[in-house]
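# Coordinate inspection notes
What follows is each chain in one-letter form.
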Amino acid sequence: MGDKVPVLVTGGAGYIGSHAVLALKDAGWKVAVIDNLTTGFRFAIPDGVPLYEGDIEDGALVARIIAEQGIGAIMHFAGSIIVPESVENPLKYYHNNTAKSRALIEAAVTGGVKHFIFSSTAATYGIPEVSPVTEDSPKQPINPYGMSKLMTETMLADTARAHPINFCALRYFNVAGADPQARTGQSTAGATHLIKVAVEAALGKRSHVSVFGTDYDTPDGTGVRDYIHVSDLANAHVLALEGLIEQPERSLTMNCGYGRGFSVLEVLDAVDRVTNLKIVREMGPRRAGDPDSLISDNRRIKATVPWVPQGFHGGGSRTKQRLHRLTFHRATGNGPPSVSSPVASGKGIRT
């Protein structure tokens, strides 16, 4: 492995970004975070990691961070992720996910950043004809969220051909779980992730869980998805960065999933078993555009980097109820106090 260059993590106070910060820090990388804290939390930033509170489209701020921290790589998580909202407000998604990414990529090129990791999505595939889906499957997004991400992938590919920068686009499937050491988790209010929603229902924070569609072509009639633990996903980012540094002439696009699917009812049954409770399920009609099954073909990432996912039982410490309870309490201010970290404004560092 080559030099561990300083890494700027955008959206590093959010769910997946904060886990990537931990994975980098645990592996000995120097990290800085930029986050506008719209959906992120200061407590998610570990001690010693500088947090620049601001927006990635602020070119002057990003340039200053790159210079001050000697940034050699960017991991880009900042963006909007709610599919139904993207349909209702597409311009928000093309601004937050595409236009702002263009500004960030330009700042990276101008600042001499050599490596760029992009948080992409399986939504770029739309409704695949075949599942498991490979990276070479047709990209036919059916909503502005997926299209906004695919447009950014295209910008990165074009930029890498024209400038001395390489990139890795990691296409996530369904992310769940929380840090095994309970240092961070999914704390965003109003989250739509199934496992998060199910645990909120088990904790009495929701009256029920809505099941959208029971007539899919699956064993129990509910949609099947590929769930990946967020810590495995964070580790995939670190390994992808190492791969970019080792082969700077190469760029990568890789699926991030386990290659195995679980139905909505199977997930709810699992939460019932963990909590020893019975979640109320309200059956409803399908949502437009939801495929029967969406499972990753993960052979490329396993062949390209030494990624060995631990799953949802790695080390026996990933009890969903305990970890998600932590995130709920932190989000509502009832849990451990926020972690202090240096926070940078437009005028300098403050604590």
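A brief look at the structure comes next. (Residues numbered from 1 in each chain as written. Predicted model: local features only at pLDDT ≥ 70, side-chain atom pairs only at ≥ 80, totals over all residues. Heavy atoms only, no water.)

Here the focus is empty space enclosed by the protein. Over the atoms rolls a probe the size of a water molecule, and its path tells where empty space is left. Per the counting criterion, the structure on display carries 3 cavities of 30 Å³ or more. The calculated volume of the largest cavity comes to roughly 50 Å³. The wall of the largest cavity is formed by Ala13, Gly14, Tyr15, Ser18, Phe41, Phe43, Ala44, Thr184, Gly185, Gln186, Ser187 and Thr188. The residue inventory of the lining of the largest cavity, partitioned by class, reads 5 nonpolar, 7 polar and no charged. (1 Å grid on protein atoms, 1.4 Å probe; cavity = no way out; pocket = protein on both sides within 12 Å on 5 of 7 lines; lining within 4 Å. Points joined across faces, edges and corners; volume = space filled by probe spheres on them. Nonpolar A, V, L, I, M, F, W, Y, C, P; charged D, E, K, R; others polar.)

This part is about helix H2 (residues 59-69). By the burial criterion, the buried members of H2 are Leu61, Val62, Ile65, Ile66 and Gln69. Buried residues in H2, looked at end-on, bunch into an arc of 135°, giving them a common side. Away from the buried face of H2 by more than 90 degrees, exposed residues Ala60 and Ala67 are located. At its buried positions, H2 is contacted by strand S1 (7-10), strand S2 (31-35), strand S3 (51-53) and helix H4 (90-110). Once H2 finishes, Gly70 follows within two positions and takes phi at roughly 65°, a positive value. (Buried < 20%, exposed > 50% of the residue type's maximum accessible area, 1.4 Å probe, protein only. Helix = DSSP H or I, 4+ residues; strand = E, 2+ residues; numbered from the N terminus. Arc of directions from axis to C-beta. Contact = heavy atoms within 4.5 Å.)

Let us now look at the sheet that holds strand S12 (residues 262-263). Read across the sheet, 3 strands follow the order S12-S9-S14 without closing on themselves; strand pairing throughout is mixed. Each edge of the open sheet is held by one strand with a lone partner, namely S12 and strand S14 (293-294). Where strand S9 (residues 224-225) meets S12, 2 bridges bridge the pair, whose relative direction is antiparallel. Among the inter-strand pairings, Val224 is bridged to a residue of S12, identified as Ser263. (Pairing = 2+ DSSP bridges.)

Below, the discussion takes up the pairing of strand S5 (residues 115-121). Counting buried residues in S5 gives 7 out of 7 residues, a clear majority hidden from the surface. Residue alternation in S5 divides its side chains into two sets, His115, Ile117, Ser119 and Thr121 and Phe116, Phe118 and Ser120, and both sets are buried. Relative to S5, strand S4 (residues 73-76) is paired through 4 bridges, and the arrangement is parallel. If you follow Met75 over to S5, its bridge partner there is Ile117. Sheet analysis places S5 next to strand S6 (residues 166-172), joined by 7 bridges and oriented parallel. Each residue of the ladder has a partner; that of His115, found in S6, is Asn166. In this view, the connection linking S5 to its parallel neighbour S6 by way of helix H5 (residues 144-162) has right-handed handedness. (Right-handed = clockwise from strand over helix to strand, strands pointing away.)

Val9, Leu24, Trp29, Met75 and Leu241 are the most contacted members of the largest nonpolar core, which has 42 residues in total. Residue assignment for this core shows that the elements contributing at least two residues are S1, helix H1 (15-26), S2, S4, S6, helix H7 (230-246) and strand S11 (252-256). The element best represented in this core is H7, accounting for 10 residues. Ranked by size, the runner-up nonpolar core spans 22 residues in total, among them Leu8, Phe116, Phe167 and Ala169. (Core = buried A, V, L, I, M, F, W, Y, C linked by side-chain atoms within 4.5 Å.)

Worth remembering: the numbers are spatial, not functional.
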